[in-house]
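# Working through the structure, step by step
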Amino acid sequence: MEKFNKVISQAVPLPSQDVDTDQIIPARFLKATSREGFGDNLFRDWRYNADNMPKKEFVLNNSTYSGKILVAGRNFGCGSSREHAAWSLYDYGFRVVVSSFFADIFKGNALNNGLLPVQVTEGFLSQLFSAIEGDHSTKLSVDLVQQTISFSDQSASFEVNSYKKECLLNGHDDIDYLVNIKNEIEAYEASSITI
C-alpha cells in the first residue's frame, strides 16, 4: 500500500445518506479478484444511464468537482460486507472518505486497503458541505499523524485505531506489518521457550 501521512485536496461532495455497498459497487461487477479496475464502476448505476452514457447530474460526472477526498452523508458504507467497495473508491483515486457515520465493516475494509475513513460530527459535516457548495475549489487538509481535518478556519479531530494508523503511515497491510516485526516476534518466541 501507499504510505499515508497527509492529504491536501479539493473534495467531491456526495450528501446522500445511507449509501450502501451495492450503490458504491454493484454486485454484478464483483467477478474480478484483483483490486484494479473497480474504479471504472464506482457508483455505476448513479453515474451511467442504461445505454452507458454518463448522467450529467451525478457529481462524479461534473468536472467542477475533483480531488482525493469524498465527503459523504451519514451512514456511508452500510449494507453487505463488500471489500470491493473500498477497492473501487481507492481505484477511482479517493484516499479519504469523510462522513458523520460509517458502517463498521466498511470502515475496517477501508482501513485495510489504504483508504482513510474520517468520522466527524453532523455539525462539522454540514459546515463542510456548505463550504464546498460555496466554493468548489475549497481545499481540505487531512493529517493522519495529528488526526485532524481542516478547511478554511475550521478544524476537527477524528479517531483512528492506533494499529491501523501505524499501518497506514508505513504503507503496510497486516502481512507487511508482521514481516516488519519478524525479528521482534522471533526474539519473543526465543525468550518464551520453556522445556
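Further up the page is the structure itself.
Throughout what follows, the structure given in this document is the object of discussion. (Residues numbered from 1 in each chain as written. Predicted model: local features only at pLDDT ≥ 70, side-chain atom pairs only at ≥ 80, totals over all residues. Heavy atoms only, no water.)

All right, on to helix α6 (residues 162-170) then. Turning to α6, its buried residues number three or more, namely Lys164, Lys165, Cys167 and Leu168. Seen end-on, α6 carries its buried residues on one side only, within an arc spanning 165°. Structurally, α6 contributes buried residues whose contacts are with α4 (104-112), β4 (116-119) and α7 (174-180). A side-chain oxygen of the first residue of α6 lies 2.9 Å from the backbone nitrogen of Tyr163; this N-cap is Asn161. (Buried < 20%, exposed > 50% of the residue type's maximum accessible area, 1.4 Å probe, protein only. Helix = DSSP H or I, 4+ residues; strand = E, 2+ residues; numbered from the N terminus. Arc of directions from axis to C-beta. Contact = heavy atoms within 4.5 Å. Polar contact = N/O pair within 3.5 Å; in protein donor to acceptor, adjacent residues only side chain to side chain.)

Judged by nonpolar contacts, the single largest core of 53 residues is most densely connected at Phe43, Phe76, Leu89, Leu116 and Ile149. Counting residues per element, this core draws most heavily on helix α5 (residues 122-134), at six residues. Here Leu116 is in contact with Phe4, Arg95, Val96, Val97, Leu111, Val142, Leu144, Phe158, Val160 and Leu168, once residues within four sequence places are set aside. (Core = buried A, V, L, I, M, F, W, Y, C linked by side-chain atoms within 4.5 Å.)

With that settled, consider the environment of Phe43. Structurally, Phe43 can be placed in the loop between α1 (21-24) and α2 (44-47). Along the sequence, Phe43 and Arg82 sit 39 residues apart, while their C-alpha atoms lie 14 Å from each other. Not counting residues within four places of it along the chain, the set of residues in contact with Phe43 comprises Leu14, Val19, Gln23, Ile24, Phe58, Leu60, Leu70, Phe76 and Leu89.

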